[in-house]
Amino acid sequence: MLRHTALLAAAALALAGAARADTAADGKVLYEQKCAACHTIGGGDRIGPDLHGVAARRPEAWLLHFITAPDKMIAAKDEVAVRLYEKYNRIIMPNLGLSEADARAVLAHIQAMTAGAVPAAAAARPSPLPQPELAAPQSAVLTTFLVLAALIVAVFGWIALSTRSPAEVDVKRAYGVRKVFFVTAAVVLVALLVATLPRAPYARADLKPDRIVHVAARQFDFVFSDEPIVRATDIGRVPTIQRLALKAGTLVEFRVTSLDVNHGFGLYGPQRQLVAQTQAMPGYVNRLVVRLAEPGQYKAFCLEYCAAGHHLMQVGLTVE
Ligand SMILES: [Cu+2]
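Reading the values: the criteria
- Residues numbered from 1 in each chain as written.
- Predicted model: local features only at pLDDT ≥ 70, side-chain atom pairs only at ≥ 80, totals over all residues.
- Helix = DSSP H or I, 4+ residues; strand = E, 2+ residues; numbered from the N terminus.
- Buried ≥ 20, exposed ≤ 12 C-beta atoms within 10 Å, placed from the backbone.
- Pairing = 2+ DSSP bridges.
- Axes fitted to C-alpha atoms, helices over the stretch in contact; angles between N-to-C directions.
- Core = buried A, V, L, I, M, F, W, Y, C linked by C-beta atoms within 7 Å.
- Domains from an automatic or database assignment.
- pLDDT = per-residue confidence, 0-100.
- Contact = placed C-beta atoms within 7 Å.
- Parallel < 35°, antiparallel > 145°, perpendicular 65-115°, else oblique.
- Left-handed = near helix turned anticlockwise from the far one by under 90°.
- Nonpolar A, V, L, I, M, F, W, Y, C, P; charged D, E, K, R; others polar.

## Quick look at the overall build of the protein chain
Thought 1: Scanning the protein chain from N- to C-terminus turns up nine helices and 10 strands.
Thought 2: Evaluated residue by residue, the protein chain yields a buried proportion of 21% over its 320 residues.

## So, the sheet that holds strand S6 (residues 263-268)
Thought 1: Taken together, five strands build an open sheet; the order of strands is S4-S10-S9-S6-S7 and the sheet is mixed. A single partner strand is all that each edge strand has here, and the edge strands are strand S4 (244-246) and strand S7 (274-280). Strand-to-strand twist across the sheet, computed as the mean angle between neighbouring axes with direction ignored, equals 20°.

## Remarks on the pairing of S6
One face of the sheet, then the other: side chains in a regular strand alternate in exactly this way.
Thought 1: Counted residue by residue, S6 has five buried out of six residues, so it is predominantly covered.
Thought 2: When S6 meets S7, the two strands line up antiparallel, connected through six bridges. Each bridged residue has a counterpart across the sheet, and for Gly266 the counterpart in S7 is Gln277.
Thought 3: As consecutive antiparallel partners, S6 and S7 are separated by five residues, and within that stretch Arg272 has a phi angle of approximately 65°, a positive value.

## As for the pairing of strand S9 (residues 296-301)
Thought 1: Bridging between S6 and S9 involves three bridges; their strand directions are antiparallel. Across the sheet, Gly266 pairs through a bridge with Phe301, a residue of S9.
Thought 2: Of the pairings in the sheet, the one linking S9 to strand S10 (residues 314-319) comprises six bridges and is antiparallel in character. Across the sheet, the residue bridging to Lys299 is Gly316, located in S10.

## A short note on the nonpolar core
Thought 1: Within the largest apolar cluster, 48 residues are counted, with the highest numbers of intra-cluster contacts made by Val106, Val215, Ala217, Phe222, Val256 and Phe265.
Thought 2: Composition of this core by domain shows at least three residues from each of domain 1 (21-114) and domain 3 (211-319).

## Notes on the confidence of the model for the protein chain
Thought 1: For the protein chain, per-residue confidence averages 85 on the pLDDT scale, and residues scoring 70 or more make up 85% of the total.
Thought 2: Considering only residues more than four positions removed or in separate chains, one finds that residues 6-21, a stretch of pLDDT under 50, has one contact.
Thought 3: A low-confidence stretch, residues 119-125 (pLDDT under 50), is modelled with 15 contacts involving residues beyond four sequence positions or located in other chains.

## Description of the sheet that holds strand S8 (residues 286-292)
Hydrogen bonds along the backbone pair up the strands of a sheet, which may run parallel or antiparallel.
Thought 1: Judged by pairing direction, the sheet is mixed, and its five strands sit side by side in the order S3-S2-S1-S5-S8 without closing on themselves. A strand with exactly one partner marks an edge of an open sheet, and here the two such strands are strand S3 (240-241) and S8.

## Quick word on unusual backbone geometry
Thought 1: Cis rather than trans, the peptide bond between Gln219 and Phe220 has omega equal to 5°.
Thought 2: Relative to the helices and strands, Phe220 is located in the loop between strand S1 (211-218) and strand S2 (221-225).
Thought 3: Backbone geometry places Lys77, a non-glycine residue, at a positive phi of 60°.
Thought 4: Summarising the element assignment, Lys77 is placed in the loop between helix H5 (70-75) and helix H6 (79-87).
Thought 5: Classification of Lys77 as exposed rests on a count of 8 C-beta atoms within 10 Å.
Thought 6: Despite not being glycine, Ala307 has its phi angle at roughly 150°, a positive value.
Thought 7: Relative to the helices and strands, Ala307 is located in the loop between S9 and S10.
Thought 8: Residue Ala307 is classed as partly exposed on the basis of its C-beta count, with 15 C-beta atoms lying within 10 Å.

## Things to note about the packing of helix H4 (residues 60-68) against helix H7 (residues 100-114)
Thought 1: Interaxial distance between H4 and H7 falls to 9 Å at its minimum, and their mutual angle equals 115°. When the axes of H4 and H7 are compared, the pair comes out roughly perpendicular. In this structure, H4 meets H7 at a crossing whose hand is right-handed. Between H4, through Leu63, Leu64, Ile67 and Thr68, and H7, the contact on the second element is made entirely by Glu100, Ala103, Val106 and Leu107.
Thought 2: Residues that form the contact of H4 with H7 fall into these classes: six nonpolar, one polar and one charged.

## Re the packing of helix H2 (residues 23-34) against H7
In helix packing, the relevant descriptors are the interaxial angle and the interaxial distance, both defined with respect to the helix axes.
Thought 1: Following both chains from N to C, one finds H2 and H7 inclined at 95°, their axes separated by 7 Å at the closest point. Here H2 is positioned roughly perpendicular relative to H7, judged by the angle of their axes. Listed contacts from H7 to Thr23, Ala24, Asp26, Gly27, Lys28, Leu30 and Tyr31 of H2 are Asp102, Arg104, Ala105, Val106, Ala108, His109 and Ala112.
Thought 2: A class-by-class count of the residues in the contact of H2 with H7 yields seven nonpolar, three polar and four charged.

Next up, the structure:
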């Protein structure tokens with residue numbers, strides 16, 4: 001027993017030593033897991049500021065304090081922290097529970113990236129969208145919805161007004177009319193269902209995808225990879241795909257999950273038309289099979305409100 005304990009202690013010490021040996025490498029994993037969802041290093045602002053060269057614009061003590069306890073610094077009305085908070089959509093950077101040693105490791109990684117020691121992160125993020133234009137099918141759907149909604153409002157209005165002059169109701173006849181309405185509605189709806197079901201955009205189960213892409217959603221980005229990312233700690237260890245590029249006509253199976261709360265994965269095509277979508281749920285993997293026929297720049301957006309940075313949650317992919 002004692003020997004075992006001693007062995008374990010030795011192993012733990014060796015591990016700790018190994019971990020301390022390379023701070024920038026540790027910092028890289030921490031950064032990918034805890035920071036990359038909101039920041040880039042040289043890729044531009046996202047939810048928070050671009051961290052390229054941050055060590056040159058802030059004192060080290062301030063950075064260590066901010067990274068370990070951003071919430072406290074904003075609460076204490078630190079001038080710079082409050083200014084940043086106002087500038088970045090009043091989204092408070094969460095307290096991620098980093099120790100000072102963790103913060104040092106992350107800073108070492110940020111500095112290494114800034115110095116270009118580990119290049120290629122720059123511009124890995126998609127550029128912001130040009131003002132999206134509603135594609136024709138989407139505006140047709142919107143118009144139909146608005147017309148139907150107006151019709152329903154009109155019917156409710158008519159009924160409400162009709163109560164101003166109460167009238168005797170022939171109950172038996174009213175039930176008769178109701179039955180006719182019910183049967184008509186049932187026939188029309190079933191006919192519509194039968195007519196449109198074969199055109200529903202569900203992939204056939206027997207189709208074998210050309211490519212499987214794993215998608216992990218988290219507040220506030222999407223991570224693509226060739227291997228499953230099951231929990232947040234897989235990030236930084238499982239290789240991720242920085243820029244996803246697919247050949248036109250590829251049948252892709254997206255295996256979508258979430259590392260925190262419920263998100264949506266809505267894939268939009270080059271004309272900003274919705275191509276396919278599914279939910280990203282913690283503990284579940286949803287399979288979304290879609291043939292990407294049209295070449296161009298695609299974007300995935302979160303389609304379920306997930307917290308303050310939701311509207312900035314997106315990822316790009318290219319079909320060539
Ligand atoms: Cu969201």
